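Fold and geometry: a report
One letter stands for each residue in the lines below.
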2 protein chains.
Amino acid sequence: MTYTVAVVGATGNVGRAMLSILAERNFPAARVVPLASERSVGRKVSFGDRDLTVDDLATYDFSGTDIVLSSPGAKVSATFAPHAAAAGAVVIDNTSHFRMHEGVPLVVPEVNPDAALAHKGIIANPNCSTIQMVVALAPIHRAAGVKRVVVCTYQSVSGSGKSAMDELYRQTKAVYENATVPPQVYAKPIAFNVLPHIDVFLDSGMTKEEWKMVAETQKILDPAIKVCASCARVPAFIGHAEYINVELSASLSVDEARSLWRAAPGCAVVDLDSGEDLDAPYITPKDAQGEDPVYISRVRADDSVEHGLNFWCVADNLRKGAALNAVQIAELLVAQGALGKGARS
Amino acid sequence: MTYTVAVVGATGNVGRAMLSILAERNFPAARVVPLASERSVGRKVSFGDRDLTVDDLATYDFSGTDIVLSSPGAKVSATFAPHAAAAGAVVIDNTSHFRMHEGVPLVVPEVNPDAALAHKGIIANPNCSTIQMVVALAPIHRAAGVKRVVVCTYQSVSGSGKSAMDELYRQTKAVYENATVPPQVYAKPIAFNVLPHIDVFLDSGMTKEEWKMVAETQKILDPAIKVCASCARVPAFIGHAEYINVELSASLSVDEARSLWRAAPGCAVVDLDSGEDLDAPYITPKDAQGEDPVYISRVRADDSVEHGLNFWCVADNLRKGAALNAVQIAELLVAQGALGKGARS
């Protein structure tokens, strides 16, 4: 059985990654339709070896489309997704709009695949920083019960879109030309700097990105897990890193934790026990670019609290943090026979 | 009264900052002698408006020198500092060599000034990341008792010396020239990347930088404080940032904490309550370059633990994190009449 797939926001960072991952993984697509706003209509985007022509989201008829992978602005999803779902498509949406809606599953296939089946036409793809964290937390939570998480992020600019990548590129180049490129995407210069600011500030003093990491982790993994998240933007193009400190309910040694991760789907461990032929016993954001796994390094006991564990976690934010996770959800629906004509009741 | 001051490692990042800060602050110096290894002898270094000529550390006679500000390699300090102290000088040493030695005070003037008086000729200047953290922790520790700290750092390359700044500069430039500058100072590329690796790895899995933040905080501030530190190098030239999560013994509101910091020596708060004329309600490493204060931003309650508080802390690692702190220790000794002929018994 093959499916008709639409990709909304097909010209953006995540949309392009969705197209390339659908092709890489030989998703059973009879037809792939790239969609975007009017100003991108007619542009070409790559799908494997082929070029596809971008169609107009505003006028597209979703009847006959089985699945929609969506990563436009949040406001765009709010409007088109219910409409596409009503026409019979299943929308896997990467924006923040539906994530915390009751009745909308928030899914990471390695963590809560069963949640996907309960959808009513829309499935939300979690925030990039949350996805890699819950993939890493899930195996140790099952084994030893995660009580509290203190996480600090090192997030690349690609999470803010192509204009942010351009801002970092041009602002950095300007340093070598004695010129200045003033910040536009960000509130302060990002070149050779660090900004403790991702998404808007909330009344609590948290940024919305930090709030997402708390709320989404609780929705996906376990509402009892307490989370304190602190997010920062660093001058890297692709790849998000996180230092994650966890307080567990039971003892778990460093070796036990590494074994759990080495056996867990979607995880890869590169650490001090990985052998001596490494340049260095850890993965960096640059290393993770274009890669699928959530990498775990720097695993160590934290003696400052009972059953404490500390580690470093890196993933490609455009792939596992966004596009790959969405495609994996689509694959999950295919495997469950939950796509295509008559699959929805 | 005026003093003879020697600066050891005068051509390095920190040595040059020591000279410039001595001049800026009109330290009562009758004579300032820049010292370095043989290969730098005869080079000129700036001291205020004047140029001084670098002398040879190996052959310098420390008798008659009242105070030595020292920032060479750790092995160099191990050898020369006891020798200089025996000749009657007080050595304020920025290397890690003496910091944890019993009988060597480890001093941050805003935090434990009295410790300085107990010196036996050598006073240690703490690690850069530790200094800014204890300056920030001290006022809230006095008010509400810090029980546990989970800190993640975002450290600039200047902490690794001039060669590291050069590596970041040239490696980044190479990206624009389709060239490659392989890592030499660091184990992996630092341009547009993040490295979870500062100083060497210890058997515990901690890096030595992380261990320093634990051990030095306990020595300077309170041995009962539990600390978990996770350090990372980011592609910034100057300025270290830290997200600091604290568990307090008693309740302390965000407003109370900000008030304590606003009244505390060496601290400055820039936060959501700082007024609406800011580009953004926080300080970044770039903003802190060349500045003296330890900046505190992003203060918020952490509801994931009882009496939890979370904040962002930034300082110029070459100034407050190294050279300024050393000069402040010297000023403390001057104020205490603990320098000069006959001051040591």
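All values derive from a computational prediction rather than experimental measurement.

1. Some thoughts on the overall build of chain A
- Per the secondary structure count, chain A includes 8 helices and 14 strands.
- The C-alpha atoms of chain A give 20 Å as radius of gyration, which agrees with the globular expectation for 345 residues (20 Å, within 12%).
- For chain A, with 345 residues in total, the buried portion stands at 58%.
- Within chain A, contacts between residues separated by at least 24 positions form 68% of all contacts whose residues are at least 6 apart in sequence.

2. Notes on the domain arrangement of chain A
All names here are of chain A.
- On domain assignment, one finds that chain A holds domain 1 (3-126 + 322-335) and domain 2 (129-316).
- The distance between the C-alpha centroids of domain 1 and domain 2 comes to 25 Å.
- Facing 13 residues of domain 1, the contacting portion of domain 2 comprises 17 residues.

3. A word on the sheet that holds strand β6 (residues 67-70) of chain A
Residue and element names in this part refer to chain A.
- If you trace the 6 strands from one edge of the open sheet to the other, you get β5-β2-β1-β6-β7-β8, paired in parallel fashion. Among the strands making up the open sheet, the edge pair consists of β5 (55-56) and β8 (122-124).
- Bridge count for strand β2 (residues 29-36) against β5 is 2 bridges, and the pairing is parallel. Directly across from leucine 35, in β5, lies its bridge partner aspartate 55.
- Those strands touched by helix α1 (residues 13-24) are β1 (3-8), β2 and β6, and its axis lies near 155 degrees from that of β1.
- On top of the sheet, helix α2 (residues 74-86) reaches β1, β6, β7 (90-93) and β8; it is set at about 155 degrees to β7, its chief contact.

4. Looking at the interface of chain B and chain A
- Between chain B and chain A, the residue contacts involve 50 residues of the former and 50 residues of the latter.
- Every element with two or more residues in the side of chain B that touches chain A is listed here: β9 (146-154), α4 (162-175), β10 (226-230), β11 (240-248), α7 (285-288), β13 (294-302) and β14 (308-315) of chain B.
- Counting residues per element, the side of chain B that touches chain A draws most heavily on β13(B), which supplies 5 residues.
- Here the residues of the side of chain B that touches chain A are counted per class, giving 29 nonpolar, 12 polar and 9 charged.

5. With respect to the sheet that holds strand β10 (residues 226-230) of chain A
All names here are of chain A.
- Spatially, the 6 strands line up as an open sheet ordered β10-β9-β11-β14-β13-β12, and their pairing is mixed. The strands lining the two open edges of the sheet, one partner per strand, are β10 and β12 (267-269). Neighbouring strand axes in the sheet, compared pairwise and without regard to direction, differ in orientation by 25 degrees on average.
- Looking at chain direction, strand β13 (residues 294-302) and strand β14 (residues 308-315) are connected through 6 bridges and run antiparallel. Residue pairing for β14: arginine 300 is matched across the bridge by asparagine 310.

6. Brief notes about the nonpolar core
- In this structure, Met18(A), Cys313(A), Met18(B) and Cys313(B) are the most contacted members of the largest nonpolar core, which totals 237 residues.
- Beyond its immediate stretch of four places on either side in the chain, Met18(B) contacts Val7(B), Leu69(B), Ser71(B), Ala323(B), Ala326(B) and Val327(B).

7. Some words on the relation of the copies chain B and chain A
- You can overlay chain B on chain A at an RMSD of 0.0 Å; the transform is a turn of 180 degrees with a shift of 0.0 Å along its axis. What the superposition gives is, in effect, a two-fold axis relating one chain to the other.

8. With respect to the pairing of strand β6 (residues 67-70) of chain B
All names here are of chain B.
- Burial of the side chains of β6 extends over both faces: Ile67 and Leu69 are buried on one face and Val68 and Ser70 on the other.
- Bridge count between β6 and strand β7 (residues 90-93): 4 bridges; the pairing is parallel. Bridging from a neighbouring strand, leucine 69 pairs with isoleucine 92 of β7.
- Between the parallel elements β6 and β7, the chain passes through helix α2 (residues 74-86) in a crossover that is right-handed.

9. Description of the pairing of β13(A)
- Summarising burial for β13(A): 8 of the 9 residues are buried, a large majority.
- With antiparallel pairing between neighbouring strands as the criterion, β13(A) and β14(A) make up a hairpin whose turn holds 5 residues, including His307(A) at a positive phi of roughly 55 degrees.

10. Here's the deal with helix α6 (residues 254-263) of chain A
All names here are of chain A.
- All of the buried residues along α6 are Ala257, Leu260 and Trp261. Each buried residue of α6 sits inside an arc of 95 degrees when the element is viewed along its axis, so together they form one side. Away from its buried face by more than 90 degrees, α6 exposes Asp255 and Ala263.
- Residues of α6 that are buried make contact with α3 (128-144), β12, β13 and β14.

11. Overview of unusual backbone geometry
All names here are of chain A.
- Positive phi, normally seen in glycine, also occurs at asparagine 26, with a value near 50 degrees.
- Among the secondary structure elements, asparagine 26 is positioned in the loop between α1 and β2.
- On the neighbour-count criterion, asparagine 26 (8 C-beta atoms within 10 Å) is exposed.

12. Notes on the packing of α3(A) against helix α8 (residues 319-335) of chain A
Residue and element names in this part refer to chain A.
- Packing of α3 against α8 leaves a shortest axis separation of 8 Å and a crossing angle of 85 degrees. With respect to their mutual orientation, α3 and α8 come out roughly perpendicular. Where α3 approaches α8, its residues Cys128, Ile131 and Gln132 are matched on the opposing element by Lys320, Gly321, Ala322 and Asn325.
- For the contact of α3 with α8, the residue count by class is 3 nonpolar, 3 polar and 1 charged.

13. Quick notes on the environment of Asn325(A)
Residues and elements named next belong to chain A.
- Its place among the elements puts asparagine 325 in helix α8.
- Since 25 C-beta atoms lie within 10 Å of it, asparagine 325 is described here as buried.
- Sequence-distant contacts of asparagine 325, defined by excluding residues within four places in its chain, comprise Val108, Asn125, Ile131 and Lys320.

14. Some details on the environment of Val90(B)
All names here are of chain B.
- In this structure, valine 90 sits in strand β7.
- Given 26 C-beta atoms within a 10 Å radius, valine 90 is considered buried.
- Considered as a pair, valine 90 and valine 5 are 85 residues apart in the sequence and their alpha carbons are 9.7 Å apart.
- The residues touching valine 90, leaving out its near neighbours within four places in the chain, are Ile67, His119, Gly121, Ile123, Leu333 and Leu339.

15. Thoughts on helix α1 (residues 13-24) of chain B
Residues and elements named next belong to chain B.
- Taking 1.5 Å per residue as the helical rise, α1 with its 12 residues ought to reach 16 Å, and the 17 Å between its terminal C-alpha atoms agrees with that figure.
- Within α1, 10 of the 12 residues are buried, which leaves it mostly tucked inside the rest of the structure.
- On its buried face, α1 sits against β1 (3-8), β2 (29-36), β3 (44-47), β6, α4 and α8 (319-335).
- One or two positions beyond α1, positive phi appears at asparagine 26, with a value near 50 degrees.

16. Things to note about the environment of Ile67(B)
- By the secondary structure assignment, Ile67(B) is in strand β6.
- Sequence-distant contacts of Ile67(B), that is, excluding residues within four places in its chain, are made with Tyr3(B), Val5(B), Ala89(B), Val90(B), Ile92(B), Ala330(B) and Leu339(B).

Criteria and thresholds
Residues numbered from 1 in each chain as written. Chains lettered and ligands numbered in written order. Predicted model: local features only at pLDDT ≥ 70, side-chain atom pairs only at ≥ 80, totals over all residues. Helix = DSSP H or I, 4+ residues; strand = E, 2+ residues; numbered from the N terminus. Rg over C-alpha atoms; globule rule 2.2 N^0.38 Å. Buried ≥ 20, exposed ≤ 12 C-beta atoms within 10 Å, placed from the backbone. Contact = placed C-beta atoms within 7 Å. Domains from an automatic or database assignment. Pairing = 2+ DSSP bridges. Axes fitted to C-alpha atoms, helices over the stretch in contact; angles between N-to-C directions. Nonpolar A, V, L, I, M, F, W, Y, C, P; charged D, E, K, R; others polar. Core = buried A, V, L, I, M, F, W, Y, C linked by C-beta atoms within 7 Å. Least-squares fit on C-alpha atoms with pLDDT ≥ 70 in both. Right-handed = clockwise from strand over helix to strand, strands pointing away. Arc of directions from axis to C-beta. Parallel < 35°, antiparallel > 145°, perpendicular 65-115°, else oblique. Expected span 1.5 Å × (residues − 1).

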